[in-house]
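Summary of the model geometry
Spelled out from the first residue to the last, the chains are:
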Amino acid sequence: MRFQRVKGTRDILPLEALARRELEQLVFSRLSRSGFQPIHTPTFEKFELYQRSTGESSDIVIKEMYRFQDMGGRDLALRPEGTPSVMRAILENHIKLPVRLWYSMSMFRQDKPQKGRYREHTQIGAEIVGEAEPEADAELIKLGFDLFSEIGIDGMYMELNSIGCRECRPTYQVKLVNFLKKHSSEMCEECRVRMERNPLRVFDCKVASCQDILKSAPSQRDHLCKECKEHFDKVKKGISAFNIPYQENDRLVRGLDYYSRTVIEFKSTSLGAQDAVCGGGRYDYLAEEMGGPHIPGTGFAFGVERALLASKGEGIFTYEQPTIALLILPLGSDATSFALDLVFKLRKAGLEALVEFRSGGLSRMLKRAASRNARKVLIVGEDEMASGVFILRDMKSGEQRELSFEELIESQDADSS
RNA sequence: GUGGGUGUAGCUCAAUUGGCAGAGCACUUGACUGUGGCUCAAGAUGUUGGGGGUUCAAGUCCCCUCACCCACCCCA
């Protein structure tokens, strides 16, 4: 075959597509109850939107975006994450605040694919916009925790941190940079670059010698301003009140520029290197970065592919071979058009039914029905057409009953398995 | 962008020091002409990922390339 998928993309075959539907329905139901409304935004936006919001120092903007020009010479990009678009939509459509929105949308990043990482993936996100209160963060975390517990994420744990605000973060950064400069000769090349661009990111470094040095680095937590500390304490208090276990990790920084105060990640121990299932946090400056008014917000987004991967062990999703409730087997060419007429009547009455079009003797027809996972078959041959009484056969037990069309509809037999 | 691994039938995998490309499952047909799953018999299927080289001879050795997987990085 001449064609194959573009690198990093996937075909989602029926078995997985069904599991996805179940997942999405579960999320929809839980979020609706909590006052979230669905939203969809365009798959591509102006490149500048992401540049201004996701941020110039983020890897996403620096090297992972699908950026292109349209015929009008506009500088566009495929959506790498959902939050900027949602905020843009709120501002552009003057959506009344506060508001709770959720979405399920494809995201595109030109990363090198590996387990749990694709160039197109689906994120389900939930955003609470217009509320600066720590209770909003705590509620959102509770929602996420319940959702992932219900989905059955293997080895799930949550990490939490506060990265301060524009009052206290710069002060801390200066202290951190001063510290790093003192040790710069002992640190790896990349860390020295990070020092200049986004000093907080040095904490992500995996080099052992760097980590040793960082052990004695000043901690973010000790440099939060009064307001941020209070906010963070209230978030933690709220989470504890819900009995949600978490690990405070003052190295948790997150790669997007717009976060302030609360940042969270839900991780799974079963995903290999790409262990983050869900990431999120507060983004009180995002609207302003985009040239709008001050609008606080907090949210999270999780990867559908990763959630499904991590729920394979104890997950609630079925992954069962789909079955056909009722397969009609017409014997002889006249019977096919008769069966087709019949099948639409059955469907109209609410039954799930299909007609086998390929001709053949009854023996072969039954073989086919078995290989197509039919639960029941209806035999329609010369005798049946003449008498109006059909044979309904249960494929599992082999039991047969003779029924008229009316009796068949009444019994709703096709739907019982 | 940088490493490591793997590419043989639809799927899972064999093929000795380089010596006729195979098996199981699945599929098709028949035994069984209106009663499937079991059994038996027969059948179809390949540019051995692609290109080049060495050789009388390459799935096997060498070079290049592509794809996938895993990891670094980063993230969902």
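What this report covers is the structure whose coordinates are included nearby.

About the cut-offs
- Residues numbered from 1 in each chain as written.
- Chains lettered and ligands numbered in written order.
- Predicted model: local features only at pLDDT ≥ 70, side-chain atom pairs only at ≥ 80, totals over all residues.
- Heavy atoms only, no water.
- Phe/Tyr/Trp six-rings, centres within 6.5 Å; stacked < 30°, edge-to-face > 60°.
- Helix = DSSP H or I, 4+ residues; strand = E, 2+ residues; numbered from the N terminus.
- Lys NZ or Arg CZ within 6 Å of the ring centre and 35° of its normal.
- Pairing = 2+ DSSP bridges.
- Contact = heavy atoms within 4.5 Å.
- Axes fitted to C-alpha atoms, helices over the stretch in contact; angles between N-to-C directions.
- Salt bridge = Lys/Arg side-chain N within 4 Å of Asp/Glu carboxyl O.
- Buried < 20%, exposed > 50% of the residue type's maximum accessible area, 1.4 Å probe, protein only.
- Polar contact = N/O pair within 3.5 Å; in protein donor to acceptor, adjacent residues only side chain to side chain.
- Disulfide = S-S within 2.5 Å.
- Core = buried A, V, L, I, M, F, W, Y, C linked by side-chain atoms within 4.5 Å.

Remarks on the packing of aromatic side chains
Inspection of the entire model under this criterion finds eight aromatic pairs. An angle of 70° between the planes, with centres 6.1 Å apart, marks the rings of Phe44 and Phe68 as edge-to-face. One end of the pair, Phe44, is in strand E2 (residues 44-46); the other, Phe68, is in strand E3 (residues 67-69), with 24 residues separating them in the sequence. Through a chain of ring-to-ring contacts, three or more aromatic side chains come together here, namely Phe148, Phe266, Phe300 and Phe302. Looking at Arg67, its charged tip hangs above the ring of Phe47, at a distance of 3.6 Å from the centre. Positioned over the ring face of Phe344 is Arg347, at 4.9 Å from the centre of the ring.

Quick word on the sheet that holds strand E15 (residues 389-394)
With mixed pairing, the five strands of this open sheet are ordered in space as E13-E12-E14-E15-E16. The sheet is open, and its two edges are formed by strand E13 (354-355) and strand E16 (400-404), each paired on a single side. For strand E12 (residues 324-330) and E13, the ladder comprises two bridges, and the chain directions are parallel. Looking at E13, one finds that Ile328 is bridged to Val355. Contacts from helix H12 (residues 333-348) reach E12, E13, strand E14 (374-380) and E15 within the one sheet, and its direction differs from that of E12 by about 155°.

Considering the pattern of salt bridges
A complete count under the given rule lists 27 salt bridges for this structure. Of the charged contacts, one joins Glu150 and Arg30 as a salt bridge, the two residues approaching to 2.5 Å between their closest N and O atoms. With Glu150 in helix H5 (residues 134-151) and Arg30 in helix H1 (residues 14-33), this pair connects stretches of sequence that are 120 residues apart. Close ionic contact of Asp250 with Arg221 constitutes a salt bridge, the shortest N to O distance being 3.6 Å. Here the residue Asp250 occupies a position in the loop between strand E8 (247-248) and strand E9 (260-268), and Arg221 occupies one in the loop between helix H8 (208-215) and helix H9 (226-241), the gap between them amounting to 29 residues.

What about the side chain of Thr298?
Within the secondary structure, Thr298 is located in strand E11 (residues 297-303). When its relative accessible area of 2% is taken as the criterion, Thr298 is described as buried. A distance of 3.1 Å separates polar atoms of two side chains, one belonging to Thr298 and the other to Asp137. A distance of 3.5 Å separates a polar side-chain atom of Thr298 from the backbone oxygen of Gly281. When near neighbours in sequence (up to four residues on either side) are disregarded, Thr298 contacts Ala126, Glu127, Ile128, Ala136, Asp137, Leu140, Gly281, Arg282 and Tyr283.

Quick word on the sheet that holds E2
Strand order in the open sheet made by the three strands is E2-E4-E3, with antiparallel pairing throughout. Since the sheet does not close on itself, it has two edges, and those belong to E2 and E3, each with one partner. Each adjacent strand pair in this sheet contributes to an overall mean axis angle of 40°, direction not counted. Two strands pair when backbone bridges link them, and E2 and strand E4 (residues 75-78) are joined in this way by three bridges, in the antiparallel orientation. Across the sheet, Phe44 pairs through a bridge with Leu78, a residue of E4.

Here's the deal with the state of the cysteines
Working definition of a disulfide: a covalent bond connecting the sulfur atoms of two cysteines. Enumeration over the complete set of coordinates arrives at zero disulfides. Free cysteine: Cys165, not disulfide-bonded; nearest cysteine sulfur from Cys228 at 3.4 Å. By relative accessible area, Cys165 is classed as buried at 5%. Classification of Cys228 as buried rests on a relative accessible area of 1%.

Looking at the nonpolar core
Ile141 and Phe302 are the most contacted members of the largest nonpolar core, which has 43 residues in total. Looking at this core, the element that brings in the most residues is H5, giving eight residues. Ignoring anything within four residues of it in the chain, the contact list for Phe302 reads Leu23, Val27, Thr122, Gln123, Ile124, Leu147, Phe148, Val277, Cys278 and Ala307. In this structure, Met65, Met107, Val263 and Ala287 belong to the second largest nonpolar core, which totals 30 residues.

Considerations on the environment of Phe232
If you trace the backbone, Phe232 turns up in helix H9. When its relative accessible area of 3% is taken as the criterion, Phe232 is described as buried. Sequence spacing of Phe232 and Ala138 is 94 residues, and the spatial spacing of their C-alpha atoms is 9.9 Å. Aside from chain neighbours lying at most four places away, what touches Phe232 is Leu160, Asn161, Ser162, Leu224 and Glu248.

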